[in-house]
Amino acid sequence: MEQTLSIIKPDAVKKSVVGKIIDRFETNGLRVAAIKKMQLSKKDAEQFYSVHKERSFFSDLIQFMISGPVIVMVLEGENAVLKNRELMGSTNPKEAKKGTIRADFADSVEANAVHGSDCLENAKIEIEFFFAKNAVY
Ligand code: GDP
């Protein structure tokens, strides 16, 4: 069993497709082990995305991530990290496979509906960033 961090980003929360996105996870063997709705502060977003701080789009990405509330979740299941990435689809929704979350719900390469940890090591760091150990069941 693995755990991974998922964020439903401000664009998808605004469009009220939270339930539809969570349904994709649950019907594909990923259980919601923790969940909360929150407004990220600029500091939270900058720290969370610090690996991208040198990228040209960093400040746009931070502004986008704080533009409205997000849903932060821990998903649990077999091969959860990879399974979540497959269900999400490519970063750019134009390149995302048919039937993936980003193909169906994302607007652009920036406003792309969901975040998912890219490896097990980062999943652990990202889960600890948002959830105390006793908040994950
Ligand atoms: P992910 O792992 O598929 O989310 O993709 P990355 O780790 O490469 O990028 C992190 C996030 O930065 C993406 O999910 C997008 O929201 C945003 N992003 C990536 N590339 C671009 C870009 O070229 N322009 C802008 N504005 N945002 C981007």
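Residues numbered from 1 in each chain as written. Predicted model: local features only at pLDDT ≥ 70, side-chain atom pairs only at ≥ 80, totals over all residues. Heavy atoms only, no water.

Draft legend 1. Structural detail: the UniProt feature "binding site: ATP" (unreviewed entry) in the chain. This chain's UniProt record puts "binding site: ATP" (unreviewed entry) on Lys9, Phe57, Arg85, Thr91, Arg102 and Asn112. Tracing the backbone through its elements, the reader meets arginine 85 in helix H5 (residues 80–88). Setting aside anything within four residues of it in sequence, one finds arginine 85 in contact with Gly116, Ser117 and Asp118. Within the element layout of this structure, threonine 91 appears in the loop between H5 and helix H6 (101–105). For threonine 91, a relative accessible area of 41% puts it in the partly exposed group. Those residues in contact with threonine 91 that sit more than four places away from it in its chain are Arg102, Val109 and Asn112. (UniProt positions renumbered as here; feature names shortened; annotations may be inferred. Helix = DSSP H or I, 4+ residues; strand = E, 2+ residues; numbered from the N terminus. Contact = heavy atoms within 4.5 Å. Buried < 20%, exposed > 50% of the residue type's maximum accessible area, 1.4 Å probe, protein only.)

Draft legend 2. Looking closely at the UniProt feature "active site" (unreviewed entry) in the chain. Within this structure's numbering, the places UniProt gives as "active site" (unreviewed entry) are His115. Position of histidine 115 relative to the elements: it lies in strand S4 (residues 114–116). The residues touching histidine 115, leaving out its near neighbours within four places in the chain, are Leu5, Ser6, Ile7, Lys9, Phe48, Tyr49, Asn84, Met88 and Glu126.

Draft legend 3. Region of the structure containing the nonpolar core. Grouped together as the largest cluster of nonpolar side chains are 21 residues, with contacts concentrated most on Leu5, Ile7, Met65, Phe130 and Phe131. Of all elements in the fold, only strand S1 (2–8), strand S2 (31–38), helix H3 (42–48), helix H4 (58–65), strand S3 (70–77) and helix H7 (120–130) reach the threshold of two or more residues within this core. The biggest single contributor to this core is H4, with 5 residues. Apart from residues no more than four positions distant in its own chain, phenylalanine 130 is found in contact with Leu5, Ile7, Lys36, Met38, Leu40, Phe48 and Val72. (Core = buried A, V, L, I, M, F, W, Y, C linked by side-chain atoms within 4.5 Å.)

Draft legend 4. Focus on unusual backbone geometry. For serine 16, which is not glycine, the phi dihedral falls at a positive 55 degrees. Relative to the elements of secondary structure, serine 16 occurs in the loop between helix H1 (10–14) and helix H2 (18–26).

Draft legend 5. Region of the structure containing the packing of aromatic side chains. In total, this model carries 4 aromatic pairs according to the counting rule given. Aromatic side chains phenylalanine 48 and phenylalanine 130 sit 5.4 Å apart centroid to centroid with 50 degrees between the ring planes, which places their arrangement in the tilted category. Of this pair, phenylalanine 48 sits in helix H3 while phenylalanine 130 sits in helix H7; the two residues are 82 residues apart in sequence, bridging distant segments of the chain. You'll find phenylalanine 48 and phenylalanine 130 in the same group, each marked buried. Ring pairs connect the aromatic residues Phe48, Tyr49, Phe129 and Phe130, which therefore count as one cluster. (Phe/Tyr/Trp six-rings, centres within 6.5 Å; stacked < 30°, edge-to-face > 60°.)

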